[in-house]
Amino acid sequence: MWNAAYYLMVFNCVFYWLYSVPRVSSFKLKQEVNFHGGEVPEDSFILGQLESCVHTLSLMFVPVSFHIASHYRVMFSSSAAISDLFLLFFIPFLLQLYASTIGALWWVTKNEYQLQSIRFVNGAVALVVVVVCLEIRVVFHSFGRYIHVPPPLNYLLVTITMLGGAAAAGSYALGMVSDAFSSLVFTALAVTVSAAGAIVVGFPILFLPLPSVAGYCLARFFTKKSLSSYSAFVVLGSLMVAWFMMHNYWDLNIWIAGMSLKSFCKLIVGSVLLAMAVPGLAVLPPQFSFLTEAGLIGHAFLLCYIENNFFNYSNVYYYGMDEDVMYPSYMVVMTTFAGLAIVRRLSVDRRIGSKAVWVLICLYSAKLSMLFMASKAVLWVSAVLLLAVSPPLLLYKDKSKSSASKMKPFQGYAHAGVVALSVWFCRETIFEALQWWYGRPPSDGLLLGSCILLTGLACIPIVALHFSHVMAAKRYLVLVIATGLLFIVMQPPIPLAWTYHSDLIKSARQSADDISIYGFMASKPTWPSWLLIAAILLTLAGVTSVIPISYIVELRTFYAIAVGIALGIYISAEYFLQAAILHALIIVTMVCTSVFVIFTHLPSTSSTKFLPWMFALIVALFPVTYLLEGQVRINKAWLGEIVAEEDNKIATLLAVEGARTSLLGLYAAIFMLIALEIKFELASLIREKFAERGGLRHSQSGESSSAMVPPRLRFMKQRRASTMPTFTIKRMAAEGAWMPAVGNVATVMCFAICLILNVHLTGGSNRAIFFLAPVLLLLNQDSDFFAGFGDKQRYFPVSVAISIYLVSTSVYSIWEDVWHGNTGWGVDIGGPDWIFAVKNLALLVLTFPSHILFNRFVWSYTKQADSWPLLTIPLNLPPVIMTDIIKIKILGLLGVIYSLAQYLISRQQYLSGLKYI
């Protein structure tokens, strides 16, 4: 790319200004810096002399060196190419000289007189070179048609205009306009430059005093800060800009960016007028700051409107000819960051108020949305959303404190309502964004869910910054966000009365190509998704205490029944739609499960009496539902008036098999949930027991500290503790002894069902046992089945289940290979005979010692002889190498791992015991 060196130059200049300008190190204390008459010591800077010199050389020589390396063949081919070399060197050089006003050349000298001489001499030379090169490279090359003066006067007048203007701007920026003589020279230079520039662009000689007066007024404003002079300059400058537009573009019949060129010229004139008026308004007294704010906001609106049209309309129409042009993206980025920088500067100088800063930041930031989505309305939609979301971040600032001041409740409600209305206003843009993301028109449920989710996310600043102490606000915010996510995932059918179909949405969904491309698609009923959404939201509402089920037993009962009915109907309608008779059984099962789980977690005074019977009912419903499902379908298909054909019988058997597999999965999930809930409750009871023991030890100190608590607060704590529905240790011994046994039954049934599902779905996968065996960690110590089972033995069921499963499946594989002829690898060693069976059984027996020793170790967790695990390792090598059954190989590898783990753990126990001797 020919202009790559210029981009590199811009990046170097920006980074030099940000990082290479001298800054005091943060490791230096403030007291260490403020001495020597306010002069900062050299050792306090982040960069030293060598680093500053290297950065300066990089700034000036890297861009021009990059250009020479890239275009060395043509760098002297024309005057424009030679101008590139000078521009790439002298523009960073001018920046370096300007940066010296804030100490960028401190490593050269600290004498202010010498620095001023360096800036003056080198700046004059660099300015002349840059102006001449810009005339060759830019002015006469790109804007020659706007120069209405014949040569050689055109070169002279353009040089006077550019060089004089640059000299005036540079001298004022360096602070050289400070006395009467310099002010006179500055004013004369401004008048000369204005007159010469007007002659260059073809301004009538008769009206030449107008630009001269405009230049004089501008110079008087800079030297005397005269507002009347600046007002005259704004009026005269606007007239000159309007004349230039009318003289060059008014008669052209061109449509650009979706509008006529005349309309575009009007917008440019209005934008220039506001841009020229703002600097004068900014110096007004503080009581007139609203004029500055109005000018800035109006200019920002015009800029957004112009860029929105330019960026979204990429063609120019001229006498029936279309020519593709592009408004570059970097222009959007540059104008955005330039506007934000101006807003920040004016805000720091207190020229504009916080409300104007809020509006301007939202407008300029909204322009960046055009880079991500091609839509005419995305800029204004983004601006509306930012204006609705950002007040908690930008407006509520306490001037006396650094933190944000808190909103009042009615303000929070008002802002939340504004956010919701803004999201509803932007629904069409959200629809377009979803259509662009998914590649097809989104459903009504997805659109509504996206709006709800966006509303919840937009309300996060309100809750996080201003209502973080209000738990109800956090709970409702969680419910809103969860509702949006559920609508997005489930996409339920929306009633027609709830939907809004604009022309854009209708045109997107009524496409004639959809049927021809995708064909007719049978739609599945999606109304059960409403029940699942309701069940999940009810669960979240109960967990977050939005519904006070913890304190009202009756409400808890209705809540449990409602959740169970919703889940039961959803499961029945979604997965067992054809088996209508089973719907009642499934609903009863889900209601019982919901009541059991909720009342186990939040028990009442009588719940411990009926919960075991509730679990017994769930267990009894399992085989009834499983057997009844198949019998109902078979009877309907085979015992009807007309006997079904063979294909229908096969389809019925497959449907029965699939439905029974779904029932197994459902009951496995139910028993897993029950086991998890009981395990959680038992762990809570153990923690409560330890807390009571600790409370008895510190009872005396607790009595003395409770005397310091106010009586009203102590009464409220006692009342709240008395109403909290939790088990106590005494009630656990008296009424809750059934919990471990119920948890164990649920765990064992869940594990057994999962093994059956493994056989049905994967054919008995070897890897599945490693994922299913951890279910047995939910077993508890009880007085019936697992009386000797304690905390030390919690990993024993997992290891022994893996060993027994692999051994039993290995024996079954050997039997199947021998008696059914499916020998697999046995073909290579003689086929399905007793030699094959004896060999693999012997290899299987060799793996037993390691597994037996490890399982005994996991049960007792006591140190054994170190030699036994090491001696069993060689026994596992023949099964790994010689067996024909993959499960025996797995047993051998596990035996090696078990032996090594047992040896290392025993060794660690021995070393830990030596520390206490």
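Residues numbered from 1 in each chain as written. Predicted model: local features only at pLDDT ≥ 70, side-chain atom pairs only at ≥ 80, totals over all residues. Heavy atoms only, no water.

The chain is annotated in an unreviewed UniProt entry as No exine formation 1 of Salvia splendens.

### Observations concerning the overall build of the chain
The condition that has to hold: In this text, helices come from DSSP runs of H or I with a minimum length of four residues, and strands from runs of E with a minimum of two, each type numbered from the N-terminal end. Here, Shrake-Rupley sampling with a 1.4 Å probe gives the accessible areas, and only protein chains in the shown set may cover a residue.
Summing up its helical and strand segments, the chain has 38 helices and four strands in all. For the chain, the exposed area adds up to about 51,500 Å²; of that, 69% sits on carbon and sulfur atoms.

### Points about a nonpolar patch on the surface
Heads up, the condition is: Patch building starts from residues that exceed 30% relative accessible area and form no salt bridge, then joins like charges within 9 Å and nonpolar side chains (Val, Leu, Ile, Met, Phe, Trp, Tyr) within 5 Å. By definition here, a salt bridge exists when the distance from a side-chain nitrogen of Lys or Arg to a carboxyl oxygen of Asp or Glu is within 4 Å.
Judged by side-chain polarity, Tyr-7, Val-10, Phe-11, Val-14, Phe-15, Trp-17, Leu-18, Tyr-19, Tyr-98, Ile-102, Tyr-330 and Met-334 come together as a nonpolar surface patch covering roughly 1,200 Å² of accessible area. Listed by contribution, the elements that provide at least two residues to the nonpolar patch are helix H1 (4-20) and helix H12 (329-348). Among the elements that make up the nonpolar patch, the one with the highest residue count is H1 (eight residues). Here Val-10 shows up in helix H1.

### Let's talk about the environment of Ile-886
Tracing the backbone shows Ile-886 in helix H38 (residues 886-914). Separated by 76 residues in sequence, Ile-886 and Ser-810 have C-alpha atoms that sit 8.3 Å apart.

### Topic: helix H13 (residues 354-366)
Filter applied, for reference: Each residue after the first adds 1.5 Å to the expected span of a helix. Here's how the labels work: a residue is buried when its accessible area is under 20% of the maximum for its type, exposed when over 50%, partly exposed in between, all with a 1.4 Å probe on protein chains only. Any two residues having at least one pair of non-hydrogen atoms within 4.5 Å are treated as being in contact.
Helix length check: H13 (13 residues) gives 18 Å between terminal C-alpha atoms against 18 Å at 1.5 Å per residue, within 8%. All of the buried residues along H13 are Ala-356, Val-357, Trp-358, Val-359, Leu-360, Cys-362, Leu-363, Tyr-364 and Ala-366. In this structure, the buried residues of H13 make contact with helix H11 (289-312), H12, helix H14 (378-389) and helix H15 (391-394).

### Side note on helix H20 (residues 471-490)
Given a rise of 1.5 Å per residue, 20 residues ought to cover 28 Å, and the 28 Å separating the end C-alpha atoms of H20 matches this to within 8%. Buried residues of H20: Leu-477, Leu-479, Ile-481, Ala-482, Thr-483, Gly-484, Leu-486 and Phe-487, and no others. Among the structural elements, helix H18 (444-458), helix H19 (460-466) and helix H23 (528-543) are those in contact with the buried residues of H20. Following H20 by one or two positions, Gln-491 adopts a phi angle in the positive range, close to 50°.

### Considerations on the side chain of Thr-589
Cut-off, in case you're wondering: Nitrogen and oxygen atoms within 3.5 Å of one another constitute a polar contact, given that in protein one can donate a hydrogen and the other can accept it, and given that sequence-neighbouring residues count only through two side-chain atoms.
Examined against the element boundaries, Thr-589 turns out to sit in helix H25 (residues 582-601). The exposure class of Thr-589 is buried, given its relative accessible area of 2%. There is a polar contact of 3.1 Å between the side chain of Thr-589 and the side chain of Tyr-667.

### Remarks on the packing of H12 against H13
What counts here: Only the contacting stretch of a helix is used when fitting its axis, a line to C-alpha atoms as for every element, and angles between N-to-C directions run 0 to 180 degrees. Oblique is the label for any angle not under 35 degrees, not over 145, and not in the 65 to 115 range, which are roughly parallel, roughly antiparallel and roughly perpendicular in turn. Ten residues, namely Ala, Val, Leu, Ile, Met, Phe, Trp, Tyr, Cys and Pro, are considered nonpolar, four, namely Asp, Glu, Lys and Arg, are considered charged, and the remaining ones, Gly among them, are considered polar.
Interhelical geometry of H12 versus H13 gives an angle of 170° and a closest axis separation of 9 Å. One finds that H12 runs roughly antiparallel with respect to H13. Here H12 contributes Thr-335, Thr-336, Gly-339, Leu-340, Val-343 and Ser-347 to the contact with H13, which in turn contributes Val-357, Leu-360, Ile-361, Tyr-364 and Ser-365. Classifying every residue of the contact of H12 with H13 by side-chain character gives six nonpolar, five polar and no charged.

### Re the packing of aromatic side chains
Under the convention used in this document: Each pair of aromatic rings taken from Phe, Tyr and Trp, with Trp reduced to its six-membered ring, is defined by centres within 6.5 Å and is described as stacked if the planes are under 30 degrees apart, edge-to-face if over 60, and tilted in the remaining cases. Only when the NZ of Lys or the CZ of Arg is both within 6 Å of the ring centre and within 35 degrees of the ring normal is a charge said to sit over the ring.
Here the structure, examined in full by the defined rule, presents 29 aromatic pairs. A centroid spacing of 5.4 Å and a plane angle of 55° characterise the contact between Phe-61 and Phe-89, whose relative ring orientation is tilted. Of the two residues, Phe-61 sits in helix H3 (residues 49-70) while Phe-89 sits in helix H4 (residues 79-99), which places them 28 residues apart along the sequence. Exposure remark for Phe-89: the relative accessible area of 21% places this residue in the partly exposed category. In this structure, Arg-427 is placed above the aromatic ring of Trp-424, and the distance from its NZ or CZ to the ring centre is 4.3 Å.

### Some words on the packing of helix H17 (residues 427-438) against H18
Two numbers describe a pair of packed helices, the interaxial angle and the distance between the axes. Selection rule: Left-handed describes a crossing in which the near helix is turned anticlockwise from the far one by less than a right angle; the clockwise case is right-handed.
Packing of H17 against H18 brings their axes to within 10 Å, and their N-to-C directions diverge by 115°. The angle between H17 and H18 places the two elements in the roughly perpendicular class. H17 and H18 meet at a crossing whose hand is right-handed. Residue-level contacts link Arg-427, Ile-430, Phe-431, Leu-434 and Tyr-438 of H17 to Leu-446, Leu-447, Ser-450, Cys-451 and Leu-454 of H18. Residues of the contact of H17 with H18, tallied by class, amount to eight nonpolar, one polar and one charged.

### Points about the pattern of salt bridges
Note that side chains of opposite charge can pair when their charged atoms are close. Taken as a whole, this structure holds five salt bridges when the rule is applied. The partner of Arg-137 in a salt bridge is Asp-84, with the nearest N and O atoms 2.7 Å apart. Here Arg-137 is found in helix H5 (residues 112-142), whereas its partner Asp-84 is found in helix H4, with 53 residues between them in sequence. Among the residues examined, Arg-137 registers a relative accessible area of 18% and is labelled buried. For Asp-84, a relative accessible area of 0% puts it in the buried group.

### Details of the nonpolar core
Where we set the bar: Only buried residues count toward a nonpolar core. Its members are Ala, Val, Leu, Ile, Met, Phe, Trp, Tyr and Cys residues joined through side-chain atoms within 4.5 Å.
By size, the foremost hydrophobic cluster in this structure holds 76 residues, and its most contacted members are Phe-596, Phe-671 and Ile-674. Formed by 35 residues, the second largest nonpolar core is a distinct cluster that contains Met-245, Tyr-327, Val-359 and Tyr-364.

### Concerning the side chain of Thr-847
Locating Thr-847 in the fold gives a position in the loop between helix H34 (834-846) and helix H35 (848-860). A relative accessible area of 0% places Thr-847 in the buried class. A polar contact of 2.5 Å, which involves the side chain of Thr-847, links it to the backbone oxygen of Leu-844. Residues within four places of Thr-847 in sequence aside, it is in contact with Asn-876, Pro-879, Ile-888, Leu-891 and Gly-892.

### A look at unusual backbone geometry
In this model, Pro-151 is joined to Pro-152 through a cis peptide bond whose omega is 5°. Residue placement: Pro-152 occurs in the loop between H5 and helix H6 (153-173). Even without a glycine there, the phi angle at Arg-350 is positive, about 60°. Examined against the element boundaries, Arg-350 turns out to sit in the loop between H12 and H13. Overall, the relative accessible area of 74% leaves Arg-350 in the exposed class. Even without being a glycine, Ser-545 presents a positive backbone phi close to 65°. In this fold, Ser-545 is placed in the loop between H23 and helix H24 (553-575).

### Remarks on the confidence of the model for the chain
The criterion, for reference: Values of pLDDT, the confidence the predictor places in each residue, fall between 0 and 100.
For the chain, the average pLDDT comes to 78, and 79% of its residues sit at 70 or higher. pLDDT under 50 marks residues 699-734. Its contacts with residues more than four places away, or in other chains, come to 31 contacts. The low-confidence segment residues 822-831, where pLDDT is below 50, has 13 contacts with residues more than four positions distant or belonging to other chains.

### A closer look at the state of the cysteines
What counts, and what does not: The definition used for a disulfide is geometric: two cysteine sulfur atoms within 2.5 Å.
Here the structure, examined in full by the defined rule, presents zero disulfides. Distance from the sulfur of Cys-426, which forms no disulfide, to the nearest cysteine sulfur (Cys-451) is 8.9 Å. We classify Cys-426 as buried; its relative accessible area is 0%. Here Cys-754 stays free of any disulfide, with the sulfur of Cys-750 as its closest cysteine sulfur at 4.1 Å.

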